[in-house]
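Listed below are the residues making up each chain.
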Amino acid sequence: IAAEALAGYEGPATTRDGHAVQVLANVQDGAGARAAVAAHAEGVGLLRTELAFLGHADEPSVEEQAKGYAEVFEAFAGRKVVLRTLDAGSDKPLAFATLPDEANPALGVRGLRIARQDDGILERQLDAVAQAARETASTPWVMAPMVATEAEAADFAARVRGRGLVPGVMIEVPSAALLAGRLLDHVDFLSIGTNDLSQYTLAADRLSADLADLTDPWQPALLELVRITAEAGQRKGKPVGVCGEAAADPLLAIVLVGLGITSLSCAASAVPAVGARLGTVDLATCRAAAAAALAAADPQEARSAVRELLDAG
Ligand code: PEP
Ligand code: MG
């Protein structure tokens, strides 16, 4: 992509033939949200609420949480903001919400699972989100991380709807991708976290440099789970986004849109490149790229097949 195209990107993103794709930003606080506005993100696709509290020994009060969330809602007033409830545990340990001494923290009590024994932290966080929403007259979308079953999605949806907010779940576990259609009977949207979905699909630690070839988001098995999830969304008429690192790769963004993904959320710094790249291809080309990537034997072959297809077009 030429430098002029990047500098000129102002969103909202569409394919060359006008198919709208929301290009959103992953942020962790108000400052990040304001930077995302400057990068022409259409909204926030992933507010990682736990990151602001990583150094905290104690659970932040409802007031303190509400203040932080309100800053993000204000930065994108009238636009889409997707807030994720605390994803504590494993690679994001929170002193006040993580069990000590788990043998396998990535397979342990993390994400939504912290509500199993005691749902107080989740309830207070949702109260804080609702308070911030009232104070800023906004209607944030709220999603849970590490959902694995339909019952978890149903339980979370009830808590969120009860507060007048819009419920969704992340697709980070293969069981959730396989049941995407059933999860959508309970929630209004899905967001695929490709970082964890890769880790759990390929059974390879997302932090292991030695296994980076396995957690590559171009792995055909990962793309197949994205396809299943996006198709469920199309069947039910509900949005399905991608908010993992995969969404920051402009070439892969073309494939994801071809698979039926309706929004992409990435680091603010990657927003212009992704948005501008999508503007260079038609939706039919995205679909052809998706088919080529799915059919490839491995990530390298997938990348070169898509590059060749785009060069030929
Ligand atoms: C993901 O798992 O892809 C994701 C977006 O969440 P995180 O990276 O914060 O686990
Ligand atoms: Mg994750």
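All of these numbers come straight from a predicted model, not from anything done at the bench.

Enquirer: Honestly, the overall build of the protein in this entry has me stumped. Any pointers?
Expert: The number of helices and strands found in the protein is 13 helices and eight strands. The C-alpha atoms of the protein give a radius of gyration of 19 Å, which matches the 20 Å a tight globule of 313 residues would have.

Enquirer: Looking at this structure, I do not really get the pairing of strand β3 (residues 81-84). What am I missing?
Expert: For a regular strand, side chains alternate in direction, first toward one face of the sheet and then toward the other. Burial of β3 is two-sided: the residues Val-81 and Leu-83 facing one way and the residues Val-82 and Arg-84 facing the other way are all buried. Pairing of strand β2 (residues 44-48) with β3, which is carried by three bridges, proceeds in the parallel orientation. Of the residues in β3, the one forming a bridge with Val-44 is Val-81. For the handedness criterion, the β-α-β arrangement of β2, helix α3 (residues 62-75) and β3 is classed as right-handed. Where β3 lies against strand β4 (residues 141-144), three bridges are found, and the strand directions are parallel.

Enquirer: So what exactly am I meant to see when it comes to the nonpolar core here?
Expert: Grouped together as the largest cluster of nonpolar side chains are 100 residues, with contacts concentrated most on Val-44, Val-169, Leu-256 and Leu-264. Apart from the residues lying within four places of it in its own chain, the contact partners of Leu-264 are Val-21, Val-23, Leu-24, Gly-241, Val-242, Ala-247, Ala-253, Leu-256 and Val-274.

Enquirer: Any chance you could explain the UniProt feature "binding site: phosphoenolpyruvate" (unreviewed entry) in the protein here in plain terms?
Expert: Sequence positions flagged by UniProt for "binding site: phosphoenolpyruvate" (unreviewed entry) are, in local numbering, Arg-48, Arg-84, Asn-195, Asp-196 and Arg-206. By the secondary structure assignment, Asn-195 is in helix α8 (residues 194-202). Beyond its immediate stretch of four places on either side in the chain, Asn-195 contacts Arg-206, Gly-244 and Glu-245. Within the secondary structure layout, Asp-196 lies in helix α8. By C-beta crowding, Asp-196 is classed as buried, having 24 other C-beta atoms within 10 Å. If we ignore the near neighbours within four places in the chain, the residues touching Asp-196 are Glu-172 and Arg-206.

The rules behind the values
- Residues numbered from 1 in each chain as written.
- Chains lettered and ligands numbered in written order.
- Predicted model: local features only at pLDDT ≥ 70, side-chain atom pairs only at ≥ 80, totals over all residues.
- Helix = DSSP H or I, 4+ residues; strand = E, 2+ residues; numbered from the N terminus.
- Rg over C-alpha atoms; globule rule 2.2 N^0.38 Å.
- Buried ≥ 20, exposed ≤ 12 C-beta atoms within 10 Å, placed from the backbone.
- Pairing = 2+ DSSP bridges.
- Right-handed = clockwise from strand over helix to strand, strands pointing away.
- Core = buried A, V, L, I, M, F, W, Y, C linked by C-beta atoms within 7 Å.
- Contact = placed C-beta atoms within 7 Å.
- UniProt positions renumbered as here; feature names shortened; annotations may be inferred.

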